[in-house]
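Remarks on the overall topology
In case you want the letters, here they are:
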Amino acid sequence: MIENLFYNMSARRKTLQNSADDYPKIVDLICRFAIHHISVNFSCRKRVHSVSTSSRIDAIRSVYGVSVAQNLMEVEVSEDDPSSSIFEMDGFISNSNYIAKKITMVLFINDRLVECGALKRAIEIVYAATLPKASKPFIYMSIKLPPEHIDVNVHPTKREVSLLNQEVIVEKIQSAIESKLRNSNDSRTFQEQRVDPSPSVSISMSKESSSHPSSSGSKSQKVPVQKMVRTDSQDPAGRLHAYLQVKPSSQLQGSSCLASVRSAIRQRRNPRETADLTSIQELIREIDSSCHSELLDIVRNCSYIGMADDVFALLQHNTHLYLANVINLSKELMYQQVLRRFAHFSAIQLSDPAPLPALIMLALKEEELNTEGDENDDLKEKIAEMNTEMIKQKAEMLEEYFGIQVDPNGNLSRLPIVLDQYTPDMDRVPEFVLCLGNDVNWDDEKICFQTIAAAIGNFYAFHPPLLPNPSGDGMQFYQRVPSRTPEEGDASKSADDVNKDEVERELLLEAESSWAQREWSIQHVLFPSMRLFLKPPTSMATNGTFVKV
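Residues numbered from 1 in each chain as written. Predicted model: local features only at pLDDT ≥ 70, side-chain atom pairs only at ≥ 80, totals over all residues. Heavy atoms only, no water.

The protein is annotated in an unreviewed UniProt entry as DNA mismatch repair protein MLH1 of Sesamum radiatum. Taken directly from UniProt, the Sequence similarities (unreviewed entry) text for the protein runs: "Belongs to the DNA mismatch repair MutL/HexB family." Among the UniProt annotations of the protein, the heading Subcellular location (unreviewed entry) holds the following wording: "Nucleus". (UniProt positions renumbered as here; feature names shortened; annotations may be inferred.)

Things to note about the packing of aromatic side chains
The tally for this structure, following the rule as stated, stands at 12 aromatic pairs. Ring centres 5.6 Å apart and planes at 90° place the aromatic pair Y401 and F449 in the edge-to-face group. With Y401 in helix α14 (residues 395–402) and F449 in helix α16 (residues 445–460), this residue pair connects regions lying 48 residues apart in the sequence. The buried category is assigned to F449, whose relative accessible area is 4%. (Phe/Tyr/Trp six-rings, centres within 6.5 Å; stacked < 30°, edge-to-face > 60°. Helix = DSSP H or I, 4+ residues; strand = E, 2+ residues; numbered from the N terminus. Buried < 20%, exposed > 50% of the residue type's maximum accessible area, 1.4 Å probe, protein only.)

Considering the nonpolar core
With 72 residues, the main nonpolar core has F402, L412 and I452 as its most contacted residues. Here this core gets eight residues from one element, more than from any other, and that element is α16. What F402 contacts, discounting residues up to four positions off in sequence, is V338, F342, F345, M397, P416, F449, I452 and I456. Among the nonpolar cores identified, the runner-up in size contains 28 residues, and V75, V114, L119 and A122 belong to it. (Core = buried A, V, L, I, M, F, W, Y, C linked by side-chain atoms within 4.5 Å. Contact = heavy atoms within 4.5 Å.)

Concerning the pairing of strand β3 (residues 72–81)
The sheet contact formed by β3 and strand β4 (residues 85–94) spans 10 bridges and is antiparallel. The residue of β4 that forms the bridge with L72 is S94. What sits between the antiparallel neighbours β3 and β4 is a turn of three residues. (Pairing = 2+ DSSP bridges.)

A few points about empty space enclosed by the protein
Overall, the coordinates contain one cavity of 30 Å³ or more when judged by the stated rule. R428, E431, F432, C435, N458, F459 and H463 are the residues that line the largest cavity. Breaking the lining of the largest cavity down by element, the ones donating at least two residues are α15 (429–438) and α16. Take the lining of the largest cavity: its biggest share by element is three residues, from α15. (1 Å grid on protein atoms, 1.4 Å probe; cavity = no way out; pocket = protein on both sides within 12 Å on 5 of 7 lines; lining within 4 Å. Points joined across faces, edges and corners; volume = space filled by probe spheres on them.)

Let's talk about unusual backbone geometry
Glycine aside, the phi torsion of most residues is negative, and most peptide linkages are trans. The backbone phi angle of D111 is positive, close to 65°, even though this residue is not glycine. With respect to the element layout, D111 can be found in the loop between β5 (104–109) and β6 (112–114). Here D111 falls in the partly exposed class, since its relative accessible area comes to 39%. Although it is not a glycine, K158 adopts a positive phi angle of roughly 65°. With respect to the helices and strands, the residue K158 is situated in the loop between β8 (150–151) and β9 (162–163).

Section: helix α6 (residues 166–184)
Between its terminal C-alpha atoms α6 stretches 27 Å, which fits the 27 Å expected from 19 residues at 1.5 Å a residue. Looking at the packing, one finds that the buried side of α6 touches β3, β4, α5 (117–128), β7 (138–144) and β9. (Expected span 1.5 Å × (residues − 1).)

Focus: the environment of P147
Secondary-structure assignment places P147 in the loop between β7 and β8. The exposure class of P147 is exposed, given its relative accessible area of 60%. As for P147 and N110, which are separated by 37 residues in sequence, their C-alpha atoms are 7.8 Å apart.

Some remarks on the pattern of salt bridges
The full count for this structure, using the stated rule, is 12 salt bridges. Among the salt bridges present, the one from D111 reaches K144, with a minimum N-O distance of 3.0 Å. Of the two residues, D111 sits in the loop between β5 and β6 while K144 sits in strand β7, which places them 33 residues apart along the sequence. Exposure remark for K144: the relative accessible area of 34% places this residue in the partly exposed category. The salt bridge involving E431 is made with R428; its shortest N-O contact spans 3.5 Å. Put simply, E282, E286 and K446 are held in one network by salt bridges that share partners. (Salt bridge = Lys/Arg side-chain N within 4 Å of Asp/Glu carboxyl O.)

Here's the deal with the side chain of H36
Secondary-structure assignment places H36 in helix α2 (residues 19–36). Here the side chain of H36 touches D111 through a polar contact of 2.7 Å, side chain to side chain. The residues touching H36, leaving out its near neighbours within four places in the chain, are R56, F108, D111, Y140 and S142. (Polar contact = N/O pair within 3.5 Å; in protein donor to acceptor, adjacent residues only side chain to side chain.)

As for the sheet that holds strand β14 (residues 405–406)
Reading across from one edge, β13-β15-β14 is the order of the three strands in this open sheet, with antiparallel pairing throughout. The open sheet has two edge strands with one neighbour each: β13 (346–355) and β14. Here six bridges tie β13 to strand β15 (residues 411–417), and the two strands are oriented antiparallel to one another. Residue pairing in the sheet places P355 in a bridge with N411 of β15. Docked against the sheet, helix α12 (residues 356–366) engages β13, β14 and β15, running at close to 85° with respect to β13. (Axes fitted to C-alpha atoms, helices over the stretch in contact; angles between N-to-C directions.)

A closer look at the packing of helix α9 (residues 278–289) against α16
Two numbers describe how α9 lies on α16: the axes approach to 9 Å, and their chain directions differ by 60°. Relative to α16, the element α9 lies oblique. Note that α9 runs across α16; the crossing there is right-handed. Along the contact surface, α9 presents S279, I280, E282, L283 and E286, while α16 presents E445, K446, F449 and Q450. Class assignment of the residues belonging to the contact of α9 with α16 gives a composition of three nonpolar, two polar and four charged. (Parallel < 35°, antiparallel > 145°, perpendicular 65-115°, else oblique. Left-handed = near helix turned anticlockwise from the far one by under 90°. Nonpolar A, V, L, I, M, F, W, Y, C, P; charged D, E, K, R; others polar.)

Details of the pairing of strand β10 (residues 303–307)
A large share of β10 lies buried, amounting to five of its five residues. With four bridges connecting them, β10 and strand β11 (residues 312–317) associate as antiparallel partners. If you follow M307 over to β11, its bridge partner there is A313. Here β10 folds back onto β11 in antiparallel fashion, the turn holding four residues.

Considerations on the environment of F449
Considering only alpha carbons, one finds F449 and F402, 47 residues apart in sequence, at a separation of 9.4 Å. Each residue touching F449, except ones within four places of it in the same chain, is listed here: L277, S279, I280, L283, F342, M397, Y401 and F402.

Right, dumping it as structure tokens:
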């Protein structure tokens, strides 16, 4: 413990007011002692923590880092000739792959941390012919020699020493290092960096690399806050979830489930067989030709942050933030996937086949096409009957090309799997069946396939659940409304009130589960699939799908 340092030297004490000047020197001193006295634990609260170890290279790795330790070579020199010199030297020197702007030389003579200017200059001369220009080595050296061969009175602080027969010792050490470097210079390692194909990104990277050259042995340059970007799209620390208190969902907690989803997405590939039909090939060519290159770069290299609202997700690409319309993106992705998987669909088997007329009637009621009277009900029944017959006539084609199975009795029993690990919202099946009957042009082959793919894409899109979002203003939908009249006063609730409250709680739990499942699927299914498959059309640059924040 040191207290009242320089208490009677006011001028010297004033120089200690800025601890930032002395702290790096303290850290440097502790680091040097830590790699020499490997049997001792050293600890500096702010930075250094060295654990005793039996290996010198492990101590260097823990103090100076892996980038230094992996580029070191062991060197040993000894001499036992009383007429010339007596000494033993062992240590580690950096190889030709190590690059740093400043020399790091740790020299211990008889276990005392010292400096020797002559030895340091001799080593720098050897490395000058080996390392690239303006690059310096890392040296750790421990020398043992008789105490009477050392002159410690060269410098007032005893930091620098002079040796007996210094020229001979320096020459032998210099020769050993030179020989070691020559033998290691046959192999050089160069770090390969993948460069983004985008010209603007390439130019910015080249400018940054020229103005901020990186080195394995030097401190990394501090990046301005406005230039910092997320580099790991899977890192949860960069997402909005880290700042929100979310109730845990038992359905979404399984890490094994998440791992299986990610694995399936990485391994998933579309069928290699191309469709023989010219119309499908033309539709796929239109997708490829209308692809927007800048949006494609954003989709492939963005980081998902979180949902900004029910429709827009927040993305980061380089140093820019974007609001992306999840519904539009998922519609386009599903549409493209339907065309690419044409006639190669796996199937979702419905547990209970659903009659088409009932589904279409549900959809018509949802659209509120009826006005009043039985006449409108009759009209809806006729629409349902006509659409059912049309779909039954096209059932063979729908099953062969799109994996939609309708039995002869007009029951829907099977749906296609457009995106692995994702099941669409079955509440939208009636709307989907109605679209097949109303919106599909069955006369022209190309338009027919295009409209069917669009209908399937709309069905599989990541629409908000039908129940209002309970985390926002939609919570009012689930608030209990007392059904008692003022005259009843404080009378107990009736059985109907209790049942109503139970239904509201069930609705709330169902809504919370649906919205949580949707956001989970957007993050772990939709965006990984987009990076693999989506080719955003040029229309998305102007229709509000992407909004730069």
